[in-house]
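Structural description and commentary
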Amino acid sequence: MKTKKRCTLLLTMALLVSSVSPMFSSVGFAEAPAGDDPASTVKLESDGAPVQRGEAAKLAVRLYERISGKTIHTDHNPFTDTDDVEINKAHSAGIVMGIEDGKFGPDAVVSKQELSTMLYRVMENAIDGFDGDQANQRIFADKEEIAGWAELPVRYLHTLGVVKADSSEKVNPHVKLDLQEANDLAERIYGFTVARNACSKLDGRILPASDIRLPTSGATIQSASLVLENEESNVNGEFCKVLGAIHPVDQNAPDILFEINLPTQWNHKTLQLGGGGFNGTLITGLGGTPGQMSSVPMPLKQGYVTFGSDSGHQSTVAFDASFGLNKEALNNFAGDQLKKTYDVAITLVKNHYGKAPEQKYFAGSSEGGREALTVVQRWPGDYDGVIAFYPVVHLMLLHLTDNQYAQALYANDGAGWLNPEKYKLLNDAVYQACDGLDGVVDGIIGDVKTCSETFTIKTVENTLRCPDGADTGNDCLSDAQIHTVRVMSSPMPYDFTFNNGVDSFPQSTILLGGDKSAFHLGTRPVPAKPPMWTPVGGDAFHAASGDTNVRYLVTQDPSFDSLTFDPNTYKERIMELSELLNSNSPKIESFKEQGGKIILVGALADGGVSPFNTINYYEGLEKEFGKTSLDPFVRFYAIPGYGHGTGPFTATMDTLGALDKWVVTNEAPDQLVATDANKNTVGRTRPACRYPEWPKYNGSGDVNAAESYTCTKP
């Protein structure tokens, strides 16, 4: 018997990669399997009527043969109601079965769950190493309507992004599909197989040292696996996850471990992401940029190739500079790992997509912000734009100064230490004096400059000093504790000049409402040896930060007592490390000339890295270029209330979107809008003003809305 004709099947040998799908037209796509002919296609011309079982079987056969590269042969017809060879092939390949009494029912209409099951069986039988266990555990609102035999196929195709759930979380298993919809499902499956094959080709690949422009022993791809669009916990769409290692020249140095994520739908752009602290943790590239807005998709989901590394050493401790005892590992941390990882990533991008990226960006905060400035200063031709949030511009100076703070805190058995209650006493007094200076009492000190003139160390001495200067309790500060505050609220001078003419580190925000929710002063007056810090307790952040720098980078003596450290004794070593680690050069003309753009973000309530560190660098750029020449390629936003990714106003902004628009269209961002991500104040907004302006309340309007504020010059 012949299947009744409702549409003409134009059968050419293969399936897809045609202009039918936007997936392959407007975005980059990995190379097709060997032997692929993009001109060949299966096209089902439909009159809009539901697809029938016979037609679905024929489509499934073509998909099977296209994926497997094999032609199905059969001379057996198990059915009594059709002699169609394509249906017989589908049965022979395990794709379809009969209905009853030896019949196939070629004219019966196929439901979504039936077609899903056919296509799932195609993949199960045609793809080597197919793993249906990758299916997510999604529970659909209409799960009771899904047949038991279709439950896994539907979930798996949903994991691929082939089968969609509607806004009410229903998959609608009994809905009838027309031939075009069936063709679209098959096309998406074929696209998955192309992506999977291209990804698997990377697994085990060895990159020679010649692919990397700094000395290495080459690199190895340790694994490459396709992450499915709706796989559990995946918010980044379908991508190829590549893990690997860059091998050192010195075999005693650790590998640089990296992750590169290659999206199936590529936007022709790359984004390298920086680390934090002393690194040692793999930056996966699966998350957002610094200050990522919850309403904005992750960069990988947007189509960026994302990548990062562990910077060339591994550690589970927050502040661990022990890698510094190895010269190559130290050089990697200083910046070499950024270039090495970049070279590997760009090599893989060119191979995987067949072309180089059109735009290349870098984004990081804190240490990652230093890394953003490092690539600008050392490899200006590699990047089109960078984002640097509260960067550690003077890394060596920061950690030396942290050590000086620790010495003040812990002198005389901790006489200068401020316990949490005393720090709160001081911080509350600052906010009492300064919170309203911006026109509204909202827990944010907006007018930082006036605050610095209003609440000074003299204010502390006159209002918070204990009687006779002795420590009499948590309602006052002793003279030793006031001395600690004086040390931390003043620039830290040094007896010699560091690189680029720097001879001091700027004051902290201890008298400006600095957020020390994580970067606290510790919970005990006498530190451990060595000091141990966690975000919720232990010793002072400054003690742990300064200690590991002194022991492993400067003295290179792991047993050294950092509380006895004198920088003058190690002047030459410090000068050497400053040249290596500080990213404070204003000489970035090359980056400007090749069209590079920089977005700098300072956090004015940062209790870990002084915001004046970033302000001083920006003002150095102004001195180097002049404001008129600087504005076309550098924008600096200093945000009140913003801490080190925390603070009373945890700012989120779409800086990547702003940077990309600037690079692509040359439309520079002006004032941005920052949205607070704090749980208790989530959603309130403020203008992110260009430095040196700050947001002043207009005197009327919603205090939680950016439009009620005006960016004001100090």
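In case you missed it, the structure is sitting above this.
Note that the coordinates shown come from a computational prediction; the quantities given were computed from them, not determined experimentally.

Some thoughts on the overall build of the protein chain
Each helix and strand in the protein chain was counted, giving 19 helices and 21 strands. The principal-axis extent of the C-alpha atoms belonging to the protein chain is close to 105 × 60 × 50 Å. Taken over 714 residues, the protein chain has a buried fraction of 59%. For the protein chain, the share of sequence-separated contacts (at least 6 apart) that also reach a separation of at least 24 residues comes to 69%. A total of about 28000 Å² of accessible surface is found on the protein chain, and carbon and sulfur atoms cover 50% of it. Each charge sign in the protein chain was given a centre, from 61 positive and 89 negative side chains, and these centres are 4 Å apart.

Let's talk about the sheet that holds strand β17 (residues 651-652)
If you trace the three strands from one edge of the open sheet to the other, you get β17-β18-β19, paired in antiparallel fashion. Both outer strands of the open sheet, β17 and β19 (685-688), are each paired with one neighbouring strand and no more. Sheet analysis places β17 next to strand β18 (residues 672-676), joined by two bridges and oriented antiparallel. Paired with Thr 652 across the strands is Thr 675, a residue of β18.

Examining the nonpolar core
In this structure, Tyr 156 and Ile 260 are the most contacted members of the largest nonpolar core, which totals 169 residues. It is helix α7 (residues 327-353) that contributes the most residues to this core, twelve residues altogether. Discounting chain neighbours no more than four positions away, the residues touching Ile 260 are Cys 240, Lys 241, Val 242, Val 305, Thr 306, Phe 307, Val 344, Ala 345 and Leu 348. In this structure, Ile 387, Ile 444, Tyr 637 and Leu 672 belong to the second largest nonpolar core, which totals 26 residues.

Side note on helix α19 (residues 655-665)
Residues Thr 655, Leu 656, Ala 658, Leu 659, Asp 660, Trp 662 and Val 663 constitute the buried set of α19. Of the residues trailing α19, Asn 666 is marked for its positive phi of about 65°.

Topic: the side chain of Thr 216
Counting through the fold element by element, Thr 216 comes out in the loop between β3 (206-207) and β4 (219-227). Assessed through its relative accessible area of 10%, Thr 216 is described here as buried.

Comments concerning the state of the cysteines
Following the criterion strictly, the structure yields four disulfides and no others. Disulfide pairing is shown between Cys 199 and Cys 240; the S-S distance is 2.0 Å. Linking Cys 199 and Cys 240, the disulfide has an S-S dihedral of approximately 75° and is accordingly described as right-handed. One end of the pair, Cys 199, is in helix α5 (residues 179-200); the other, Cys 240, is in strand β5 (residues 239-246), with 41 residues separating them in the sequence. Of the two residues, Cys 199 and Cys 240, both sit in the buried class.

Quick notes on the pairing of strand β15 (residues 597-603)
Where burial is concerned, most of β15 is hidden: seven out of the seven residues are buried. As defined by bridge partners, strand β10 (residues 385-389) adjoins β15 across five bridges and the pair is classed as parallel. From the neighbouring strand, Ala 388 faces β15, where its bridge partner is Leu 600. Here β15 runs beside strand β16 (residues 634-639); their pairing, made up of six bridges, is parallel. Looking at β16, one finds that Ile 599 is bridged to Arg 635.

So, the pattern of salt bridges
Within this structure, the stated rule accounts for 34 salt bridges. Across the pair Lys 164 and Glu 229 runs a salt bridge, and its minimum N-O distance is 3.6 Å. In this pair, Lys 164 is assigned in the loop between α4 (148-160) and α5 and Glu 229 in the loop between β4 and β5, connecting sequence segments 65 residues apart. A relative accessible area of 43% means that Lys 164 is categorised as partly exposed. Judged by relative accessible area, which is 23%, Glu 229 ranks as partly exposed. Where Asp 547 meets Arg 551, a salt bridge forms, and the shortest distance between an N and an O atom there is 2.7 Å. In this pair, Asp 547 and Arg 551 both sit in helix α14 (residues 541-554), four residues apart, roughly one turn of the helix. Both residues of the pair, Asp 547 and Arg 551, count as buried. Here the salt bridges share partners, and the residues they tie into one network are Arg 62, Glu 65, Glu 86 and Lys 89.

Some points on unusual backbone geometry
Cis peptide bonds are those with omega within 30 degrees of zero, and the linkage from Lys 529 to Pro 530 qualifies with -5°. The topology assignment puts Pro 530 in the loop between β12 (504-505) and β13 (533-534). Even without a glycine there, the phi angle at Asp 101 is positive, about 50°. As for its placement among the helices and strands, Asp 101 is situated in the loop between α2 (85-92) and α3 (112-126).

Some thoughts on the packing of α7 against helix α15 (residues 571-581)
Look at α7 against α15: their axes get within 9 Å of each other, and the N-to-C directions meet at 45°. As far as their axial angle goes, α15 and α7 are oblique. For the pair α7 and α15, contact is made by Leu 330, Asn 331, Phe 333 and Ala 334 and by Arg 573, Leu 577, Leu 580 and Leu 581, respectively. The class makeup of the residues in the contact of α7 with α15 is six nonpolar, one polar and one charged.

Describing helix α13 (residues 479-488)
Every buried residue belonging to α13 is among Gln 481, Ile 482, Thr 484, Val 485, Val 487 and Met 488, and all of these are buried. In this fold, the buried residues of α13 make contact with α9 (395-414), α10 (420-434), α12 (457-463), β11 (492-493) and α14.

A look at the packing of α3 against α5
α5 packs onto α3 with a crossing angle of 25° between their chain directions and a minimal axis gap of 11 Å. Classified by the angle between their axes, α3 and α5 sit roughly parallel to one another. Crossing of α3 against α5: the hand is right-handed. Contacts between α3 and α5 pair Leu 115, Leu 119 and Met 123 from the former with Ala 182, Leu 185, Ala 186, Ile 189 and Phe 192 from the latter. Its residues assigned to classes, the contact of α3 with α5 comprises eight nonpolar, no polar and no charged.

Things to note about the environment of Gly 439
Position of Gly 439 relative to the elements: it lies in the loop between α10 and α11 (448-454). In this structure Gly 439 comes out as partly exposed when scored by relative accessible area, which is 44%. Residues Gly 439 and Tyr 697 lie 258 residues apart in sequence; the distance between their C-alpha atoms is 5.1 Å.

Concerning the pairing of β10
Taking burial as the measure, the five residues of β10 include five buried ones, the bulk of the element. The alternating pattern of β10 places Gly 385, Ile 387 and Phe 389 and Val 386 and Ala 388 on opposite faces, both of which are buried. Examined bridge by bridge, strand β9 (residues 359-365) and β10 share five bridges and lie parallel to one another. Counterpart to Ser 365 in the pairing with β10 is Phe 389. A crossover connection joins β9 to the parallel β10 through helix α8 (residues 367-378); in handedness this β-α-β unit is right-handed.

Considering the environment of Arg 690
Here Arg 690 is to be found in the loop between β19 and β20 (694-697). Residues Arg 690 and Val 601 lie 89 residues apart in sequence; the distance between their C-alpha atoms is 9.4 Å. Among residues more than four places away in sequence, those in contact with Arg 690 are Lys 627, Asp 631, Arg 635, Phe 636, Tyr 637 and Asp 670. Within the structure, the side chain of Arg 690 is placed 3.1 Å from the side chain of Asp 631, a separation counted as a polar contact. In this structure the side chain of Arg 690 is engaged in a polar contact, spanning 3.2 Å, whose partner is the side chain of Asp 670.

Rules used in this analysis
Residues numbered from 1 in each chain as written. Predicted model: local features only at pLDDT ≥ 70, side-chain atom pairs only at ≥ 80, totals over all residues. Heavy atoms only, no water. Helix = DSSP H or I, 4+ residues; strand = E, 2+ residues; numbered from the N terminus. Buried < 20%, exposed > 50% of the residue type's maximum accessible area, 1.4 Å probe, protein only. Contact = heavy atoms within 4.5 Å. Areas by Shrake-Rupley, 256 points an atom, 1.4 Å probe, with all protein chains shown as cover. Lys, Arg positive; Asp, Glu negative; His and termini not counted. Charge placed at Lys NZ, Arg CZ, Asp CG, Glu CD. Pairing = 2+ DSSP bridges. Core = buried A, V, L, I, M, F, W, Y, C linked by side-chain atoms within 4.5 Å. Disulfide = S-S within 2.5 Å. Salt bridge = Lys/Arg side-chain N within 4 Å of Asp/Glu carboxyl O. Axes fitted to C-alpha atoms, helices over the stretch in contact; angles between N-to-C directions. Parallel < 35°, antiparallel > 145°, perpendicular 65-115°, else oblique. Nonpolar A, V, L, I, M, F, W, Y, C, P; charged D, E, K, R; others polar. Left-handed = near helix turned anticlockwise from the far one by under 90°. Right-handed = clockwise from strand over helix to strand, strands pointing away. Polar contact = N/O pair within 3.5 Å; in protein donor to acceptor, adjacent residues only side chain to side chain.

Remember, this is a structural readout, not a statement about activity or role.
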